[in-house]
Amino acid sequence: MIDSNDIIKQLEERVHGFHADGASQNVGIVEQNHDGVIRASGLSKAQMGERVLFGSGAAGVVLNLDEDSVSIILLDSSENIKEGDEVKTTGELLGVTVSDDMLGRVINPLGLPLDGKAQIKKGKLMPLERIAAGVVDRQPVDTPMKTGIKAIDAMIPIGRGQRELIIGDRGLGKTAVAIDTIINQSKIAKQIGKTKSKDDKNGKPVISVYVAIGQKQSTIAQIIGRLKDEDALDNTIIVVAGASDPAALQYLAPYAGVAIAEYFMEKGEDVLVVYDDLTKQAWAYRQISLVLGRPAGREAYPGDIFYLHSRLLERAVRLSKENGGGSITALPIIETQAGDISAYIPTNVISITDGQIFLEGDLFNSGIRPAINVGISVSRVGTAAQTGAMKSVAGKMKLELAQYRELAAFAQFGSDLDAATQKQLERGKRITEIFKQLQYQPLTEADEILDIWAVTSGNADDIPVSNVQRFIQEFRDYVLSKDKKIPEKLASGEKVTDEVIKSLQKVMDEFKKGFSVEEKK
Amino acid sequence: MRIRKLYWIGQSKQSERKLTDMNRRDFKQLANASITDNSLDIEKVKKIAGLLSNSELKDYIKSLKRWINEHTVIVEVPDARKVAMKNIEEVFKNKEIVVRENPSLLLGMRLTDNDDVYEMSLAQTLTQIEEHVLEGYDR
């Protein structure tokens, strides 16, 4: 039972630090309210991007400064706001309060909780709009961001501090790639926690921020459920601006995500931010701009649509050691229509990012999942973001795949080809086969290297393509049971020595004796 | 296109203009032309209003209201008898001071100068205390 004296004592303690200040505010009167945009007279001292409050308690942000009025976009429902209502400035630019308690939470772009738990009030106020770190404050990207997806880690490696675009039509697995990456970061973080290793050759644990823009609530609930099941939610913050939220929130959500990431980055942490997806942010910004009366350009987008994405993605950075050494890695997602990557928004974002992962419908339909077209996908950071171990096994695979693609057109003439060409085709089929991976099952780097080595070393050339998946799975388990030192050496990230290769070959020879091929029925 | 005669009253000048739609600047000039000795001239307002259409009248009234707001300071106090008018007039020269009683302030005053509001009242201090106490608690 709480004593009333205790309550009074607590209140006195809290009031003790209070100082009364005379308040001055700049106020205005609502003149017009339509489509979530308010025009108000007065507010002569309002700043661009300043947060304003209406009498009903609703919040808005100033987006247009005209001669005698300002235009404000609403961040809440606009039903209660009518002509003649008072609106006042707060003197604050839009920001979100962030603290370590935000890990594992689901919030909206203003920091309000959506998971039924308490609002985070104590913390650092991070501005949504901020100038990106300058050239001098950065260092080159050279630490891998392991996605756990073989096709990406081997062929299109991503580094910490890089911006890698995931692009493709709807339903091809763009979000799946991002979620698998988040799950893998959580697994790596737990592994680092177990070993308490101070060796950060392969990097520190990564915190993930997933920004859901314009998505269905059911889809978001599924994603949250999956992250919970995979025990990845504790390491993740989810920012949600759903399809039913005002366009202003969908426009601001990515900036809220990167503001949260900057809080952790400034503490020296590495952060992964997924923007799913920026196409919907562009639509929301187009809607706001048209209602604000800004001139419409190509595809009715406003003139600064490029700047919308460029200033967001420039905030993904790897800071120099003098600035803490933290990083933000961005995985923006863009949805194309009918595979058209030459449309306005896709080309804009492609020109901003440091590479792209293309997902193709043809590959998806033919059972290659993740449906990544490794041939046209690019990582401009490249092998600088790969460990020595991965580089040594994946190096020649790119060439073999490229040769396979060149020859694939002749596959129908299989019986008329020379032995060398046949061999190249068979090798290519097996490489394509090992790139298939189940969803929500990211692999450790050691497992990835084992799979790739098993095929590139030629040991799988005599295994039917339909048995290759089972072959590599069982080989992994066999290596673990026979010689644990091999996976440990591979996981260290150091270049694979001849000694390790010899040990691997020895284990492979033993394994193949006991491996039985299943005939395809 | 309608041709209108606009009488620049007070300047004893007559000018003819071809007008399609009047813009904000025109209404601002009309509002300025409705002023004599730093206060609204009712006769001028009536004359100008008579020349405008209904939709133009709305914008003209808005411009007049804007001018009035820029040249008026509203002083809200719990008790109108206890206002140091001389001090306020020294600070806000060339502006009309309007005093209103507002018992909800409890003590102190609220000054509204166009769109700037300065408040030094007990009611506002109590609100600030409430916010200060609540700000440390997660709800």
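Each remark here, short or long, concerns the structure printed above.
Note that this is a predicted model, so its numbers are computed, not measured.

Peer 1: Quick question: what am I supposed to make of the pattern of salt bridges here?
Peer 2: Any two side chains of opposite charge can pair, on the condition that their charged atoms come close. Residue and element names in this part refer to chain A. A full pass over the atoms with the stated rule returns 35 salt bridges over all chains. Notably, a salt bridge pairs D100 with K267, separated by 2.6 Å at the nearest N-O pair. Of this pair, D100 sits in the loop between strand 7 (95-98) and strand 8 (106-107) while K267 sits in the loop between helix 5 (247-265) and strand 13 (270-276); the two residues are 167 residues apart in sequence, bridging distant segments of the chain. Here R163 and D354 are joined by a salt bridge, their closest N and O atoms 2.8 Å apart. Placement of the pair is R163 in the loop between helix 2 (150-155) and strand 10 (165-168) and D354 in the loop between helix 8 (344-352) and strand 15 (355-359), with a sequence separation of 191 residues.

Peer 1: Where do I start with the packing of aromatic side chains in this structure?
Peer 2: For any two aromatic rings, the description comes down to two numbers: the centre-to-centre distance and the angle of the planes. Residue and element names in this part refer to chain A. For the coordinates displayed, the defined rule picks out ten aromatic pairs over all chains. Here Y251 and Y285 contribute two aromatic rings whose centre-to-centre distance is 5.0 Å and whose plane-to-plane angle is 25°, an arrangement assigned as stacked. Separated by 34 residues along the polypeptide, Y251 in helix 5 and Y285 in helix 6 (residues 278-291) bring together distant segments of the chain. Classification of Y251 by relative accessible area gives buried; the value is 5%.

Peer 1: Looking at this model, I keep getting lost on the side chain of N467 of chain A. Mind explaining?
Peer 2: Residue and element names in this part refer to chain A. Of note, N467 is situated in the loop between helix 12 (445-456) and helix 13 (468-482). Residue N467 is classed as buried on the basis of its relative accessible area, which comes to 3%. Ignoring anything within four residues of it in the chain, the contact list for N467 reads F515, S516, V517 and E518.

Peer 1: Would you mind showing me how to read unusual backbone geometry here?
Peer 2: Residues and elements named next belong to chain A. Between D276 and the following residue, D277, the backbone shows a cis peptide bond with an omega angle of -5°. Note that D277 resides in the loop between strand 13 and helix 6. The omega torsion of the bond from R369 to P370 falls at 10°, within 30 degrees of zero and hence cis. Mapping P370 onto the fold places it in the loop between helix 9 (361-365) and strand 16 (378-379).

Peer 1: Would you explain the interface of chain A and chain B in this entry?
Peer 2: Reports often express the size of an interface as the amount of accessible area lost when the parts come together. Counting residues at the interface gives 28 residues for chain A, matched by 22 residues for chain B. The tally of links from chain A across to chain B stands at two salt bridges. Two residues, D68 of chain A and R66 of chain B, come together in a salt bridge whose shortest N-O distance is 3.7 Å. Connecting chain A to chain B are seven residue pairs in polar contact (both at pLDDT 80 or more). Counting residues per element, the ones that place at least two in the side of chain A that touches chain B are helix 1 (4-16), strand 1 (23-34) and strand 2 (37-42) of chain A. Grouping the amino acids of the side of chain A that touches chain B by side-chain chemistry returns nine nonpolar, ten polar and nine charged.

Peer 1: So what exactly am I meant to see when it comes to helix 2 (residues 42-51) of chain B here?
Peer 2: In an α-helix, one turn spans 3.6 residues; hence positions three or four apart end up facing the same way. Residues and elements named next belong to chain B. Taken together, the buried positions of helix 2 are K44, V45 and I48. Relative to the axis of helix 2, the buried residues are bounded by an arc of 100° and lie together on one face. Opposite the packed face of helix 2, turned more than 90 degrees from it, sit the exposed residues I42, E43, K46, K47 and G50. The inward-facing, buried residues of helix 2 abut helix 1 (24-33), strand 3 (35-36), strand 4 (39-40) and helix 3 (54-70). Sitting at the amino-terminal end of helix 2 is D41, which places a side-chain oxygen 3.1 Å from the backbone nitrogen of E43.

Criteria and cut-off values
Residues numbered from 1 in each chain as written. Chains lettered and ligands numbered in written order. Predicted model: local features only at pLDDT ≥ 70, side-chain atom pairs only at ≥ 80, totals over all residues. Heavy atoms only, no water. Salt bridge = Lys/Arg side-chain N within 4 Å of Asp/Glu carboxyl O. Helix = DSSP H or I, 4+ residues; strand = E, 2+ residues; numbered from the N terminus. Phe/Tyr/Trp six-rings, centres within 6.5 Å; stacked < 30°, edge-to-face > 60°. Buried < 20%, exposed > 50% of the residue type's maximum accessible area, 1.4 Å probe, protein only. Contact = heavy atoms within 4.5 Å. Polar contact = N/O pair within 3.5 Å; in protein donor to acceptor, adjacent residues only side chain to side chain. Nonpolar A, V, L, I, M, F, W, Y, C, P; charged D, E, K, R; others polar. Arc of directions from axis to C-beta.

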